[in-house]
Amino acid sequence: MSPARRQRSGRAQTAADGARGPTALPLRPAVALLRGLQGGLGRGLGPLEALAGAALGLPREARAGLEGALRRLEGDFSEDEWGFDEGFADAVSPLLEMMYDRWWRVEALGVPNVPAHGRALLVANHAGVLPWDAAMIAVAVMREHPLPRNVRFLALSWAFDLPWLSTAVRKLGGAAASPYNAIRLLEQDQLVAVFPEGARGIGKDWSERYRLQRFGRGGFVEIALRTGAPIVPVAVVGSEEIYPKLADVRPLAKLVGAPYFPITPTFPLLGPLGAVPLPSRWRIEFCEPIETASLGSEAADDRRLVLELAERVRETIQERLLTGVIERGSAFVGRRGPFRDARRSDRLR
Amino acid sequence: MPGRRVLVTGVSSYLGTQVARGLAADPSIEYVAGLDDRPPRSRLDGVEFIEADIRGGRLRELLPRSGVDTVIHNKIVRRPGPGMSPRAAHEVNVIGTLELVGACERSASVAAIIVRGSAGIYGAEPDAPQFFTEELSRLYPLRTAFQRDVGEIESLFGAFARRNREVVCTMLRYQPAIGPSLDTQITQFLSLPAVPTPLGFDPRLQLVHEHDAVAATLAAVRRPVRGAVNVAGPGTIGLTRLLRRAGRLALPVPAPLFDTVTAASRRLGLATVSPDLRRLLRYGRAVDTTRLTEEVGFTPRFSTPDAVEDWVRARGGRGLASAVGELLPGP
């Protein structure tokens, strides 16, 4: 993690500070840069010299930012073998943190249940076409865990066939939902989030929210057993209200090659604005880890054990979801609306 | 102990020539023969050059008499060059391999066959494993003509290996090679004045440096293993990052129009973009190289990003941004 993101993830910092700090637009330095550039060009300098001269007048932080941007432009940034791009994750983290603090007012519980080191499999309920739930789980671990770490997640393969979304997902640490990817990530001692409901989760109707769908054939348990990774069930309350699906137009879905073509109150009525998720209130609960290493990797071939464990994880999440929905109260209305001051200290009680 | 006797097919390609040179320089190898239908571009000392078409029947009489114990099959056309029809390329790939397999069947002395195959057999798919291991070659249908050729080549050698248990068949699955001396589809494409890319896609690419491409084949000659082995520089590089490192201008084209634009660039004589490369530029592909390192005992010198850096350095390319960066004062 970069120093910038670690600093932002500091526990003592309140959301109100955060909003004034890194998210404020650097208007004054930008104007100064443009003035300097204009002056330089007016004196007959070449565009590059003028830019360099103008940059001299910038405050140190802005100069570092400009240099960082130029370094990215020349390809001087790092991606790991999965295409995870730390710099990109840093750049979008203010947006994700804004969604976390202001839009969804996320309350994270049990974050220390996430192992601080080594491999672990986070298993969560899934909803919504865009992987917002994965992003919010990642922010929660990054911000609220005593030892913040990056969360890798498996995304529906369909996301990798879409322009921009495919790039953003991979740069944020996503990989296609294939067991081979999960096993390799866990063998590299990563923290991996999976959503066993998969496309069935995305396609839930509004009336079915928080009713967990079938957990496939328990593939995630096999993966955990094979790699000896502990399973951490995660119950995400709130994500199932962000895109209330009222109906599904199958022929249109077939046309664009998507698993569903959802009709929500805002989509397709408002066009691309329909992709803006509703500001529901979220509660993410990380449950006690289920240890699997002692069962041995051969246990992955024991169908009964696999199905039993999968059912246990599913029941844990289902139970925490129902409790969570009650404890959260109203889905949208709360003391702290998205644009009101939200001090994290009240929320943690 | 007498030294080994090696035959290299497709010896006149750049990599074929380099492999033959490497073999000729190895004291444990007594005899090197090179087969191709055109003479090599530079002199090959210590290599007996046989000018013959691999599709003709000459191998069937030559090979059993030569006492060759190791065959390196490098005559696989990845992209039909100028003046070569796709049909001719297909014939060289499939009929040529068939002839070679037939010749090996008749020759009692052949103990090892090393094929410079292609990781193209895995395809490029949105939902693919991010790192293909060798046993995952049949996850997806073979979509392009070249993939089908490679599939056929692999099954011909597979069948041969099952019938002749005493012969070790190594199928090296190469990722595309890059390097200062290479003139391949990828290097030509990346050298276009503006490189068309599918808009909104930034695939992970994996390449092998030309030096490692040669060295991997030589390592497999020293220690042939049964079955398929992936060959690639470890790590991956995103297409955008690659182009920026190379100082190339990306020309994003909406994905549905991408075929039309690349077809136009072929008609203008700029560069050909095969269907395989088109899919690669959209979805990317990487392979797992554990088997290469652990069983063949070869560790590539260049990771994928290093191979790109080396290619960029040799071309002397430099982007606009680095020029600006140098002018900027330090923080």
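To be clear, the structure that these remarks concern was listed above.
Structure report, in brief. (Residues numbered from 1 in each chain as written. Chains lettered and ligands numbered in written order. Predicted model: local features only at pLDDT ≥ 70, side-chain atom pairs only at ≥ 80, totals over all residues. Heavy atoms only, no water.)

## Comments concerning the overall build of chain B
Each helix and strand in chain B was counted, giving twelve helices and 13 strands. The C-alpha atoms of chain B give 20 Å as radius of gyration, which agrees with the globular expectation for 331 residues (20 Å, within 12%). Considering only C-alpha atoms, chain B reaches an extent of 65 × 40 × 35 Å along its principal axes. Looking at chain B as a whole, 57% of its 331 residues are labelled buried. As displayed, chain B has an accessible area near 13600 Å², and 53% of this comes from carbon and sulfur atoms. Each charge class in chain B was averaged separately, 42 positive and 34 negative side chains, and the resulting centres sit 3 Å apart. (Helix = DSSP H or I, 4+ residues; strand = E, 2+ residues; numbered from the N terminus. Rg over C-alpha atoms; globule rule 2.2 N^0.38 Å. Buried < 20%, exposed > 50% of the residue type's maximum accessible area, 1.4 Å probe, protein only. Areas by Shrake-Rupley, 256 points an atom, 1.4 Å probe, with all protein chains shown as cover. Lys, Arg positive; Asp, Glu negative; His and termini not counted. Charge placed at Lys NZ, Arg CZ, Asp CG, Glu CD.)

## Brief notes about the pattern of salt bridges
It is possible for side chains of opposite charge to pair when their charged atoms get near one another. In total, this model carries 40 salt bridges over all chains according to the counting rule given. The residue A:E319 makes a salt bridge to A:R320 at a minimum N-O spacing of 3.1 Å. Take A:E319: its relative accessible area is 43%, and that puts it in the partly exposed class. Here the salt bridges do not stand alone but share partners, grouping A:R72, A:E79, A:D85, A:R170, A:K171, B:D202 and B:R241 into one network. (Salt bridge = Lys/Arg side-chain N within 4 Å of Asp/Glu carboxyl O.)

## Topic: the sheet that holds strand β5 (residues 112–118) of chain B
The strands making up a sheet associate through backbone hydrogen bonding, with each pair oriented either parallel or antiparallel. Residue and element names in this part refer to chain B. Spatially, seven strands are ordered β3-β2-β1-β4-β5-β6-β11 in an open sheet, and the strand pairing comes out parallel. Lying at the two open borders of the sheet, with one neighbouring strand each, are β3 (48–51) and β11 (227–231). Taken pair by pair, the neighbouring strands of this sheet meet at an average axis angle of 20°, ignoring direction. Across four bridges, strand β2 (residues 29–36) lies against β3 in parallel orientation. Along β3, the bridge assignment pairs L35 with I50. Its contacts with the sheet put helix α3 (residues 86–106) on β1 (4–9), β4 (70–73) and β5, and the angle it makes with β4 is roughly 175°. (Pairing = 2+ DSSP bridges. Axes fitted to C-alpha atoms, helices over the stretch in contact; angles between N-to-C directions. Contact = heavy atoms within 4.5 Å.)

## Things to note about the packing of aromatic side chains
By the definition in use, this model includes six aromatic pairs over all chains. Ring geometry for A:W82 against B:F131: centres 5.1 Å apart, planes inclined by 80°, an arrangement best described as edge-to-face. Of this pair, A:W82 sits in the loop between α5 (60–73) and α6 (86–103) while B:F131 sits in the loop between β5 and α4 (145–163), on two different chains. Classification of A:W82 as buried rests on a relative accessible area of 2%. Note on B:F131: relative accessible area 5%, which makes it buried. Between the aromatic rings of A:W104 and A:W132, the centroid separation amounts to 5.4 Å while the plane-to-plane angle is 70°, which identifies the pairing as edge-to-face. Residue A:W104 is located in the loop between α6 and β1 (107–109), and its partner A:W132 is located in helix α7 (residues 132–144); the two are separated by 28 residues in the primary sequence. Per residue, the accessibility class of A:W104 equals that of A:W132, and both read buried. In textbook terms, an aromatic cluster arises when at least three aromatic residues are bridged by ring pairs, as seen for A:W104, A:W132 and A:W282. The ring centre of A:W206 lies 4.0 Å from the NZ or CZ of A:R209, which sits over that ring. (Phe/Tyr/Trp six-rings, centres within 6.5 Å; stacked < 30°, edge-to-face > 60°. Lys NZ or Arg CZ within 6 Å of the ring centre and 35° of its normal.)

## What about the interface of chain A and chain B?
In this assembly, 38 residues from chain A lie in contact with 33 residues from chain B. Buried surface at the junction of chain A and chain B, both sides included, amounts to about 3200 Å², of which 60% is carbon and sulfur. The shortest N-O distance in the salt bridge between A:D161 and B:R282 comes to 3.3 Å. Elements that contribute at least two residues to the side of chain A that touches chain B include exactly α4 (47–56), α5, α8 (165–171), β4 (174–176) and α9 (179–187) of chain A. (Buried area = accessible area lost by both parts, 1.4 Å probe.)

## Things to note about the pairing of strand β6 (residues 231–237) of chain A
Residue and element names in this part refer to chain A. The element β6 is largely enclosed, with a buried count of seven among its seven residues. Residues I231, P233, A235 and V237 line one face of β6 and the alternating positions V232, V234 and V236 line the opposite face, and both faces are buried. Pairing analysis gives four bridges linking strand β2 (residues 120–124) to β6, with the strands arranged parallel. Among the inter-strand pairings, V123 is bridged to a residue of β6, identified as P233. Bridge analysis of β6 against strand β9 (residues 283–286) gives four bridges, and the strand direction is antiparallel. Bridge pairing in β9 links V237 to R283.

## Remarks on the packing of α3(B) against α4(B)
Residues and elements named next belong to chain B. Closest axis-to-axis distance for the α3/α4 pair is 9 Å, and the angle between their directions is 5°. As summarised for this structure, α3 and α4 are arranged roughly parallel, according to the angle between their axes. In this structure, α3 contributes A89, H90, N93, V94, T97, L98, L100, V101, C104 and E105 to the contact, and α4 contributes F146, D149, E152, I153, L156, F157, F160 and R163. Looking at the contact of α3 with α4, its residues break down into eleven nonpolar, three polar and four charged. (Parallel < 35°, antiparallel > 145°, perpendicular 65-115°, else oblique. Nonpolar A, V, L, I, M, F, W, Y, C, P; charged D, E, K, R; others polar.)

## Some remarks on the sheet that holds β6(A)
Residues and elements named next belong to chain A. Ordered by their spatial adjacency, seven strands build an open sheet running β1-β9-β6-β2-β5-β3-β4, and the pairing between neighbours is mixed. One side of each edge strand has no neighbouring strand; the edge strands of this open sheet are β1 and β4. Neighbour-to-neighbour, the strand axes of this sheet turn through a mean angle of 25°, independent of strand direction. Packing against the sheet, α7 makes contact with β1, β2, β3 (151–155), β5 (191–194), β6 and β9, and its axis sits at approximately 65° to β9.

## Considerations on the state of the cysteines
Residue and element names in this part refer to chain B. Applying the stated criterion across every chain, the model contains zero disulfides over all chains. Left without a disulfide partner, C169 is nearest to the cysteine sulfur of C104, which lies 7.7 Å away. Among the residues examined, C169 registers a relative accessible area of 9% and is labelled buried. (Disulfide = S-S within 2.5 Å.)

## Quick notes on the environment of B:F131
Linking B:F131 and B:L277, residues 146 residues apart in sequence, is a C-alpha distance of 18 Å. Not counting chain neighbours up to four residues away, the residues in contact with B:F131 comprise A:E81, A:W82, A:N181, A:R184, B:R204, B:T236, B:A286, B:V287 and B:D288.

## Quick word on the nonpolar core
By size, the foremost hydrophobic cluster in this structure holds 41 residues, and its most contacted members are B:L7, B:L63, B:V71, B:C104, B:I113 and B:F157. Among the secondary structure elements, those contributing two or more residues to this core are β2, α2 (58–66), α3, β5, α4 and β6 (168–174) of chain B. If we ignore the near neighbours within four places in the chain, the residues touching B:V71 are B:L7, B:L63, B:L100, B:C104, B:V110, B:A112, B:I113 and B:I114. One finds A:A124, A:V232, A:I242 and A:W282 within the second-largest nonpolar core, a separate group that totals 39 residues. (Core = buried A, V, L, I, M, F, W, Y, C linked by side-chain atoms within 4.5 Å.)

## Quick look at the packing of helix α1 (residues 14–24) of chain B against helix α6 (residues 210–222) of chain B
All names here are of chain B. For the pair α1 and α6, interaxial distance at closest approach is 9 Å and the crossing angle is 50°. In terms of their interaxial angle, α1 and α6 are classed as oblique. Relative to α6, α1 is oriented so that their crossing is right-handed. Residues Y14, L15, Q18, V19, G22 and L23 of α1 lie in contact with α6, whose contacting residues are E210, A213, V214, T217, L218 and V221. Residues of the contact of α1 with α6, tallied by class, amount to eight nonpolar, three polar and one charged. (Left-handed = near helix turned anticlockwise from the far one by under 90°.)

## Quick notes on unusual backbone geometry
Residues and elements named next belong to chain A. Positive phi outside glycine occurs at W164, with the angle close to 65°. The class for W164 is exposed, based on a relative accessible area of 55%. Of note, the phi angle at Y210 is positive, near 65°, even though the residue is not glycine. Looking at the element boundaries, Y210 is found in the loop between α10 (198–202) and α11 (219–227).

By themselves, these figures tell us nothing about what the structure is for.
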